[in-house]
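# Observations on the model geometry
Chain residues, written in single-letter form:
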Amino acid sequence: MTETASEARPTSAAESKDLVETLKAEIVRKLTYSLGKNPSVAQPHDWVTAVILAVRDHVVDVWQRSTHESYQTGRKRVYYLSLEFLIGRSLADALNNLGLTGPVAQAMADLGVDLGAIETIEPDAALGNGGLGRLAACYLEAMASTGVPALGYGIRYDHGLFKQRIDGGRQVEVPEDWLSFRNPWEFERRESAYQIGFGGSVVATEKPGEVTWNPEEAVFAVAYDTPIVGWRGRDATTLRLWRARAMHPLSLDAFNQGDLVGAVAERNRAEAISKVLYPNDSTPAGQELRLRQEFFFTSASLQDLVRRHYRQFGKFDNLPDKVAIQLNDTHPALAVAEMMRLLIDERGLSWEDAWTITSGTISYTNHTLLPEALETWPVALMERLLPRHMQIIFGINARFLDGVRRSAGGEGVDLASISLIDESHGRRVRMAHLAFVGSHTVNGVSALHSRLMQETVFAPLHAVFPDRITNVTNGITPRRWLFSANHGLTKLLTEVCGNGLTDDIEQIDRLAAHADDPGMQERLIAIRRDNKLKLAKVIRQETGVVVDPAALFDVQIKRIHEYKRQLLNILETIALYDAIRSEPYRDWAPRVKIFAGKAASNYGTAKAIINLINDVATVVNNDITTRDRLKVVFIPNYNVSAAEIIIPAADVSEQISTAGLEASGTGNMKFALNGALTIGTMDGANIEISERVGLDNIVIFGMSAAEVEAAKRNPRPTGEVIATTPHLEGVLDAVAGGAYSPGDRNRYAGLVDGLRANDWFMVLNDFESYRLAQRRIDGLWANQPEWWRMSIANTAHCGWFSADRAIREYAQRIWRVPAGFAAKG
Ligand SMILES: *Cc1c(COP(=O)(O)O)cnc(C)c1O
């Protein structure tokens, strides 16, 4: 470990010696008195827990100060509601932000423990599937770093995203168990528990127009708080996760009658709500439990923030001035109805006042335009599970449609397209419409995505509310994805750009002046080589495959999905393999094709793609003709910790989604900031990356979003596409015929038949363009000074993709809350 943040701490030798001594004492105290272990018998796990508990105390000091300050000054607070937080490990991040990385490593070394060697014992908290959940985690850290008072609300799942094992080339899902050794970062708040109701009926009270909801069933939501410390330990935000507990954990009657299962039935049903994260990032699970999860955490969060606000201010009319609620996708869209219910039914406000407050407080981030991923729930299910909310949604819809009908030009509006209820598929509630109508601002996550929102899925609503949709392009925290993950590069950058870089990442553009400097290039080559050696070691451990760090590392790591087109990548890999074998004496640049990613457990095609990648790897890696030129590896169990090792070692970043389908991507930003060259389509944030680094410094291929749209409306016969695309027929025939699955020749017949039937994701249509782009990469790699000039341009021009910039945009334009810390530190 290196000291990337040591300047935040005392500098004199005596002071740092004192600090190390203090830390040693603190760690030993935790070990002794919190864990009850003597240092002489402590196991690595005990040491990590003791370090975390000691570091947590430092975080808590910051946390209590900043919570107190924002309370005292009555500052507006942001509440970020997200069904997912893909946190990963927290220790290195916290140490780095507190400037304690070096001192704690030293303290541990003095105690005879190598911190670097045991850090990996901390579980990787995977309470999310992919980009959406990781975004929420980056934003909580960035809000702490920019001084935006904030609380993140989510669910404390007992089991996060499944662990992936590869067995015989196939994905096997293993339950994840991050809490099995308790979670030393969190504080359980038994006193902060709210009742969450389900089912039952709505009855009129004596007062005209007033109703009461009598739920049939209720569970407790219990809060667990984790402080998230920001850069230089100036501020901290809170991650508050809810756990479901039964109101009556045991039925003594049933127990005494010998009915042991019945005795805990209520408990099991209640606690199922926070039991597991749905392993799915694109289609609603379509299950009642998912809807219960969504309402559970939304209701608990709103009850909590409404109570906090009333305690502090004693009124609600200023709620929009003091509270900003951000919905991370539609999973918490019930917040619109729940806020109305709390204000009207529980606090006695009129509908009109409640609506002004609700829609003045909530804003919504859309993450996908894929029709199959837009959440809808059957009205019948909603009526049974949340009868009062269904009434309120009908009420919002009636007033909304009525208002539009009566507005100027209202007769021409197609009300069915803007209604919160979809009547065409057996009456369903459109959650995106609910979130849209109930918000003051709606944002997309890249420039292209926000424009497509206006032109496609939300076009009718956009016509009614032309000012509501805005764009905030996603960002990533440079603390985790550069300073923590890539110590070598960070050291070089602070040397070249100055120490101010760590406070203002956009100063990274000073590197650009050195793009052609051979000395600089040599240093970058050495740093990359170190990172690749580290990754090569992991690859060998995880897959048994030996890879050469001198080869080009070509990386595609992300959820496995047809629109992300791992299939395009592996088919082109097969074409390359064939080409090398047919001309074995050409000087092919050695390449390692690196894949990682999980497939949703019910997504057969994605699982077949994983299987194919692994089968191709087996054939290629065992072929002596291509032995030194091509290797294919699939690294199992992709998660945040794996990404932190893989990304700094990448030469090429694969961002090859079908144009128009990747809302933004954030993996693309992590790679470019670390100096990988992107091979990508004009999709999501790739477009903005290309604008910032320049088209000379990125390899773009394939159809544009508009061309994809046109091709979908008027598809070319796939037979014609295949016949006119060099090499494609041969590749498809080989896969379909079992060349890569000799033990099971039919394994990929279905996968290839699917492509031949319908090229929905433009794998066939973009194949040749992609293949040629890969050969352009070969040419660039052969010209190393040119390659590293491009790499430097990428690092130098990607500071803008910092989550700090994104958070400042949200703060100014959407939340209207001042950031505490300016960009220049
Ligand atoms: C950044 C990140 C993602 C998102 O990657 P995309 O390439 O944008 O899909 C997913 N999972 C993990 C673990 C990440 O760190």
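What counts, and at which threshold
- Residues numbered from 1 in each chain as written.
- Predicted model: local features only at pLDDT ≥ 70, side-chain atom pairs only at ≥ 80, totals over all residues.
- Heavy atoms only, no water.
- Near = heavy atom within 4 Å.
- Polar contact = N/O pair within 3.5 Å; in protein donor to acceptor, adjacent residues only side chain to side chain.
- Areas by Shrake-Rupley, 256 points an atom, 1.4 Å probe, with all protein chains shown as cover.
- Helix = DSSP H or I, 4+ residues; strand = E, 2+ residues; numbered from the N terminus.
- Nonpolar A, V, L, I, M, F, W, Y, C, P; charged D, E, K, R; others polar.
- Axes fitted to C-alpha atoms, helices over the stretch in contact; angles between N-to-C directions.
- Parallel < 35°, antiparallel > 145°, perpendicular 65-115°, else oblique.
- Contact = heavy atoms within 4.5 Å.
- Core = buried A, V, L, I, M, F, W, Y, C linked by side-chain atoms within 4.5 Å.
- Buried < 20%, exposed > 50% of the residue type's maximum accessible area, 1.4 Å probe, protein only.
- Expected span 1.5 Å × (residues − 1).
- Arc of directions from axis to C-beta.
- Pairing = 2+ DSSP bridges.

## Regarding the site of the ligand
Taken together, 15 residues lie around the ligand, and Lys-558, Lys-564, Thr-666, Gly-667 and Lys-670 are the ones closest in. Lys-558 has a polar side-chain atom sitting 2.8 Å from an oxygen atom of the ligand. Between the ligand and the protein, one listed contact pairs an oxygen atom with a backbone N or O atom of Gly-667 at 3.0 Å. Compared with its free state, where it exposes 380 Å², the ligand has 96% of that area covered by protein. Those elements that provide at least two residues to the shell around the ligand are helix H6 (131-146), helix H25 (640-646) and helix H26 (667-673). The class makeup of the residues in the shell around the ligand is five nonpolar, six polar and four charged.

## Some words on the packing of helix H22 (residues 518-543) against helix H33 (residues 784-797)
Close contact between H22 and H33 brings their axes to 10 Å; oriented N to C, the two are set at 80 degrees. Regarding the angle of H22 to H33, the classification is roughly perpendicular. Across the interface between the two elements, Met-520, Gln-521, Leu-524, Ile-525 and Arg-528 of H22 pack against Gln-784, Pro-785, Trp-788, Arg-789, Ser-791 and Ile-792 of H33. Here the contact of H22 with H33 is composed, by residue class, of six nonpolar, three polar and two charged.

## Side note on the nonpolar core
Within soluble globular proteins, side chains that are nonpolar generally end up buried alongside one another. Ranked by internal contacts, the top residues of the largest apolar core, which has 236 residues, are Met-143, Phe-296, Ile-325, Met-382, Ile-393, Leu-571 and Trp-815. Residue contributions to this core peak at nine residues, all from helix H23 (residues 566-582). Once residues lying within four places of it in the same chain are set aside, the contact partners of Ile-325 are Tyr-79, Leu-81, Leu-302, Leu-305, Met-339, Thr-361, Ile-362 and Ser-363. Counting 31 residues, the second-largest nonpolar core is a separate cluster that includes Leu-23, Val-48, Ala-54 and Met-108.

## Thoughts on helix H1 (residues 13-34)
An ideal rise of 1.5 Å per residue puts 32 Å on 22 residues; H1 measures up with 31 Å between its terminal C-alpha atoms. Residues of H1 that are buried: Leu-19, Val-20, Leu-23, Lys-24, Ile-27, Lys-30 and Leu-31. All buried residues of H1 lie within an arc of 140 degrees about the axis, which places them on one face of the element. More than 90 degrees from the buried face of H1, the exposed residues found are Ala-14, Lys-17, Asp-18, Arg-29 and Tyr-33. In this structure, the buried side of H1 is in contact with helix H2 (44-72) and helix H4 (101-110).

## Quick word on the sheet that holds strand E14 (residues 376-378)
In space, the three strands of this open sheet follow the order E14-E16-E15, with antiparallel pairing throughout. The open sheet has two edge strands, E14 and strand E15 (421-422), and neither has a second partner. Direction of pairing for E15 relative to strand E16 (residues 428-430): antiparallel, over a ladder of two bridges. The partner of Asp-422 across the bridge, within E16, is Arg-428.

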